[in-house]
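# Observations on chain architecture
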Amino acid sequence: MRGRVVSSGTESPAAAPEEFPIMDMKLEVVVLPVADVDRTKHFYKTLGWREDADIEFGASRVVQLTPPGSPASVHFGTGITDAAPGSVRSTYLVVEDIEAARKELAGHGVDVSDVFHRDETGAFAPGAHPDRGTYSSFASFSDPDGNTWLLQEITTRFPGRVDGVTYGSAQELERALREAAAAHGEHEKETGEYDAEWPVWYARYMAEHQGA
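It should be emphasised that the depicted structure is a prediction, and the values quoted were computed from it without experimental measurement. (Residues numbered from 1 in each chain as written. Predicted model: local features only at pLDDT ≥ 70, side-chain atom pairs only at ≥ 80, totals over all residues. Heavy atoms only, no water.)

## Observations concerning the overall build of the protein
- Tallying secondary structure elements over the protein gives 4 helices and 11 strands in all.
- With 212 residues in all, the protein has 30% of them scored as buried.
- Counting only contacts in the protein whose residues sit at least 6 apart along the sequence, the fraction spanning at least 24 positions is 49%.
- Accessible surface, the protein as shown: approximately 13900 Å² in total, 53% of it carbon and sulfur. (Helix = DSSP H or I, 4+ residues; strand = E, 2+ residues; numbered from the N terminus. Buried < 20%, exposed > 50% of the residue type's maximum accessible area, 1.4 Å probe, protein only. Contact = heavy atoms within 4.5 Å. Areas by Shrake-Rupley, 256 points an atom, 1.4 Å probe, with all protein chains shown as cover.)

## Section: unusual backbone geometry
- The phi dihedral of Ser90 is positive, around 50°, even though this residue is not glycine.
- Within the fold, Ser90 resides in the loop between strand S6 (73-78) and strand S7 (91-95).
- Even without a glycine there, the phi angle at Arg132 is positive, about 55°.
- As for its position among the elements, Arg132 is in the loop between strand S9 (124-126) and strand S10 (137-142).

## Quick look at the environment of Gly77
- Within the secondary structure, Gly77 is located in strand S6.
- Taking relative accessible area as the criterion, Gly77 reaches 12% and is therefore assigned buried.
- Expressed as a C-alpha distance, the spacing of Gly77 and Val37, which sit 40 residues apart in the sequence, is 5.5 Å.
- For Gly77, the contacting residues outside a window of four places in its chain are Val34, Val37 and Arg61.

## Some thoughts on the pairing of S6
- Summarising the sheet, strand S3 (residues 29-31) and S6 pair through 3 bridges and their orientation is parallel. Residue pairing in the sheet places Val30 in a bridge with Val74 of S6.
- Sheet topology places strand S5 (residues 60-66) next to S6; 5 bridges connect them, and they run antiparallel. Residue pairing for S6: Gln64 is matched across the bridge by His75.
- As consecutive antiparallel partners, S5 and S6 are separated by 6 residues, and within that stretch Gly69 has a phi angle of approximately 80°, a positive value. (Pairing = 2+ DSSP bridges.)

## Quick notes on the nonpolar core
- If you look at the biggest cluster of nonpolar residues, it comprises 24 residues, and the most contacted ones within it are Tyr44, Phe76, Phe141 and Leu151.
- Elements supplying a minimum of two residues to this core: helix H1 (37-46), S5, S6, S7, helix H2 (98-107), S10 and strand S11 (148-153).
- In this structure, Ala176, Ala183, Tyr205 and Met206 belong to the second largest nonpolar core, which totals 6 residues. (Core = buried A, V, L, I, M, F, W, Y, C linked by side-chain atoms within 4.5 Å.)

Note that every value here comes from positions in space, so none of it alone points to a role or purpose.
Shown next, in the form of structure tokens:
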């Protein structure tokens with residue numbers, strides 16, 4: 001799979017677009033501006049967030065913590081951002097059960113909001129989504145500095161949006177491969193040529209059709 005660089009409007013009109021492979025760019029860290037590093041560290045560790053690092057170098061200090069089950073982490077400390085403490089807003093934390101997540105946070109003494117949802121107009125309304133629709137129910141809380149978090153209940157991902165493709169057994173994986181192979185055969189019939197990038201095609205197809 002190849003991508004095309006999109007012009008930003010600053011290049012010379014004579015410059016020809018170049019093609020490059022699309023590289024993975026994984027969101028790794030969200031930086032939180034805080035006033036009291038130790039207070040913030042205590043708060044998030046109380047929630048069960050894993051401490052990965054607490055490093056001092058010169059006048060700077062960097063603390064890294066990771067929410068349970070998250071591939072991305074947070075950084076806070078001294079000398080790592082000039083943003084005002086508490087200025088980060090509505091960073092999403094995805095949960096499978098919004099009510100259970102809210103109850104857990106409240107049990108840790110966090111001032112977490114009641115559950116709310118988006119109604120048919122897109123406006124926020126009290127309570128969980130009536131149909132418990134995926135992506136539709138929320139709750140919010142903030143850390144001691146006022147950086148805010150938004151819990152979002154996701155039970156089923158939109159097609160093509162996956163955290164990782166997993167299969168419950170070798171038989172499931174075999175079936176998925178056979179389905180991808182059949183679909184890829186039709187793809188090559190349509191193009192009339194051998195697809196040298198078939199692993200990319202398989203990967204995208206299997207990700208988009210997982211559980212279908």
